[in-house]
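Each chain, written out:
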Amino acid sequence: MIKVAIMGYGTIGSGVNEVLETNRKILAEKIGQELEVKYILDLRDFPGTSVEGKIVHDFSVICRDEEVKIVVETMGGLEPAYTFVKSCLEAGKHVATSNKALVAAYGTELLAIAREKKVNFLFEASVGGGIPIIRPLYRCLMGEKIQEITGILNGTTNFILTKMDKEGTSFDRALKEAQALGYAERNPEADVEGHDTCRKIAILTAMVTGREVDYEEISTEGITGITDVDFRYADAMGTSIKLVGSSRMESGRVHAWVAPLMIGRDHPLYGVSDVNNGIIVKGNMVGTTMYYGSGAGKLPTASAVVADMAEAARHLDSNIPIGWSGEKQVIAPADEEVCRFFVRVSGSFEDRRDMVEAAFGKCRVIDLGQGLDEFAFLTGPMKRSRFAENLEILKVELTAEYQNVLQIIRAE
């Protein structure tokens, strides 16, 4: 029997305990012995519950107990999670975590400690919730040269955008519904501003390149500026709007970004709706593969954590060669990214045709009519630097006529 500890008994931590109890027999058959929870670290006592006798409030109890071989971190945030996880690894304990903020900020250091101590730091649940993606990258696709990873990596924002798309709901109303259902935090900034997606695409990029990726260097835009009018245009164009994280590896360079993206109905991510996530991985031999499923939630995320625990249990005396080194991966400047751009402009296109074409050449024009004193156009593929230059030309002309650029969204 292998003794384990859970640090943090919130939604995910309690889910881990539930999965261990429910699938105890299945896990024992696959691992060769049972996983037994000895301690649960939490500030609360949970009197009258089945875990009451396992609750501890002092982290050192877990860290000093040599009988505990595997520790789960589901506390979230950076502190005290970082300090506790580091101490566990240094004490020779395997650690499985669902904490993407921890992995993105301190993954390089924690992986190095795990290698030195011949234990494992595993984080399948940090990206994609219950979707297997970390393990496929270092096992199933180990013979591939990964060329691109693009995905919908945040269930909260995908739920909000789905509501706006399918029901014509405003951003504020969709956010409130997401909060009422428990999909969004009281302070949803990490989700809606794209920071959560940014950390996840940074982790995936580091896995693929084998080098440390600084998530703060990745160009990131959130969804707070997306409106119901944008979705009316998207519908007219046969597209939808998704918050996407993307990383493309080309000629030794990495182009990574997070932003709302207009995608067509033939795109694999078009049908990924509600709180689901979808991740596309392109390899030089296998071509395009896709990983789809519940990107959040108690039991799906807990299932991924338990899978890591099982992995650690089968490698109690060895380090699994995964992750990345301390060598820095350079992220190409954001201005070099190439895409198309959807632009909404106030006023009449017939009055502004010469201005638009002078700046961008021939573009696809979308005019909803419906009493709106505006129109939109879609550019051809171009670098962001060129788009910015052309946009300035247009703005100079529009300002002279007291007109405004109302919205800019990337498009595939």
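So, a few notes on the structure that sits alongside this text. Please read all numbers here as calculations on a predicted model, not as lab measurements. (Residues numbered from 1 in each chain as written. Predicted model: local features only at pLDDT ≥ 70, side-chain atom pairs only at ≥ 80, totals over all residues. Heavy atoms only, no water.)

Here we look at the overall build of the protein
- Counting its regular elements, the protein contains 14 helices and 17 strands.
- At 24 Å, the protein has a C-alpha radius of gyration in line with the 22 Å of a compact globule built from 412 residues.
- In terms of principal-axis extent, the alpha carbons of the protein reach across some 75 × 50 × 35 Å.
- Expressed as a percentage of its 412 residues, the buried residues of the protein come to 56%.
- Within the protein, contacts between residues at least 6 apart in sequence are counted, and of these 73% link residues at least 24 apart.
- Total accessible area computed for the protein in this model is approximately 18,000 Å², and 47% of it derives from carbon and sulfur atoms.
- Here the protein carries 46 positive and 59 negative side-chain charges, and the mean point of each set is 4 Å from the other. (Helix = DSSP H or I, 4+ residues; strand = E, 2+ residues; numbered from the N terminus. Rg over C-alpha atoms; globule rule 2.2 N^0.38 Å. Buried < 20%, exposed > 50% of the residue type's maximum accessible area, 1.4 Å probe, protein only. Contact = heavy atoms within 4.5 Å. Areas by Shrake-Rupley, 256 points an atom, 1.4 Å probe, with all protein chains shown as cover. Lys, Arg positive; Asp, Glu negative; His and termini not counted. Charge placed at Lys NZ, Arg CZ, Asp CG, Glu CD.)

A closer look at helix H1 (residues 11-22)
- Taking 1.5 Å per residue, twelve residues should reach 16 Å; H1 reaches 16 Å between its end C-alpha atoms and fits that length.
- Of all the residues in H1, the buried ones are Ile 12, Gly 13, Ser 14, Gly 15, Val 16, Asn 17, Val 19 and Leu 20.
- If you follow the buried residues of H1, they end up packed against strand E1 (2-7), helix H2 (24-31), strand E2 (35-41), strand E4 (68-73) and helix H12 (298-313). (Expected span 1.5 Å × (residues − 1).)

Thoughts on the sheet that holds strand E3 (residues 55-56)
- The strand order across the open sheet built from six strands is E3-E2-E1-E4-E5-E6, with neighbouring strands paired in parallel fashion. Looking at which strands have only one partner, the edges of the open sheet turn out to be E3 and strand E6 (121-122).
- Bridge count for E2 against E3 is two bridges, and the pairing is parallel. Looking across to E3, one finds that Leu 41 is bridged to Val 56. (Pairing = 2+ DSSP bridges.)

Considerations on the packing of aromatic side chains
- Counted by the stated rule, this structure contains eleven aromatic pairs.
- Note on Tyr 9 and Phe 46: the rings are 5.1 Å apart at their centroids and 80° apart in plane angle, and the pair reads as edge-to-face. With Tyr 9 in the loop between E1 and H1 and Phe 46 in the loop between E2 and E3, the pair connects residues that are 37 residues apart, well separated along the chain. Pair check on accessibility: Tyr 9 and Phe 46 agree, each one buried.
- Ring geometry for Phe 59 against Phe 84: centres 4.1 Å apart, planes inclined by 5°, an arrangement best described as stacked. Here Phe 59 is found in helix H3 (residues 59-64), whereas its partner Phe 84 is found in helix H4 (residues 81-90), with 25 residues between them in sequence. (Phe/Tyr/Trp six-rings, centres within 6.5 Å; stacked < 30°, edge-to-face > 60°.)

Let's talk about helix H10 (residues 195-209)
- Between its terminal C-alpha atoms H10 stretches 21 Å, which fits the 21 Å expected from 15 residues at 1.5 Å a residue.
- Those residues of H10 not exposed but buried are Asp 196, Thr 197, Cys 198, Lys 200, Ile 201, Ala 202, Ile 203, Leu 204, Thr 205, Ala 206, Met 207 and Thr 209.
- A positive phi of about 75° marks Gly 210, the residue just after H10.

Quick look at the pattern of salt bridges
- With the rule as written, the count across this model stands at 30 salt bridges.
- The closest approach of N and O atoms between Asp 65 and Lys 38, which form a salt bridge, is 2.7 Å. Pair noted here: Asp 65 is in the loop between H3 and E4 and Lys 38 is in strand E2, with a separation of 27 residues, a long-range link.
- The buried category is assigned to Asp 65, whose relative accessible area is 13%. (Salt bridge = Lys/Arg side-chain N within 4 Å of Asp/Glu carboxyl O.)

Quick look at the side chain of Asp 230
- For Asp 230, the position within the fold is in helix H11 (residues 228-237).
- Exposure remark for Asp 230: the relative accessible area of 0% places this residue in the buried category.
- Side-chain polar atoms of Asp 230 contact the side chain of Arg 344, separated by 2.7 Å.
- Each residue touching Asp 230, except ones within four places of it in the same chain, is listed here: Gly 225, Ile 241, Met 262, Phe 342, Arg 344, Gln 407 and Ile 409. (Polar contact = N/O pair within 3.5 Å; in protein donor to acceptor, adjacent residues only side chain to side chain.)

Topic: the pairing of strand E12 (residues 287-294)
- Here strand E11 (residues 276-283) runs beside E12; their pairing, made up of eight bridges, is antiparallel. If you follow Asn 276 over to E12, its bridge partner there is Ser 294.
- Remark: three residues form the turn of the hairpin made by E11 and E12, two consecutive strands paired antiparallel.

A closer look at the pairing of E11
- Judged by how many residues are buried, E11 sits mostly within the fold: seven of eight residues are covered.
- In this sheet, E11 lies alongside strand E7 (residues 146-152) in antiparallel orientation, the contact comprising six bridges. For Ile 149, the partnering residue across the bridge sits in E11 and is Val 281.

Details of the packing of helix H5 (residues 100-117) against H10
- In the contact formed by H5 and H10, the axes pass within 9 Å of each other and the chain directions differ by 50°. Between H5 and H10, the crossing angle belongs to the class labelled oblique. For the pair H5 and H10, the crossing hand works out as left-handed. Across from Lys 100, Ala 101, Val 103 and Ala 104 in H5, the residues of H10 making contact are Asp 196, Arg 199, Lys 200 and Ile 203. (Axes fitted to C-alpha atoms, helices over the stretch in contact; angles between N-to-C directions. Parallel < 35°, antiparallel > 145°, perpendicular 65-115°, else oblique. Left-handed = near helix turned anticlockwise from the far one by under 90°.)

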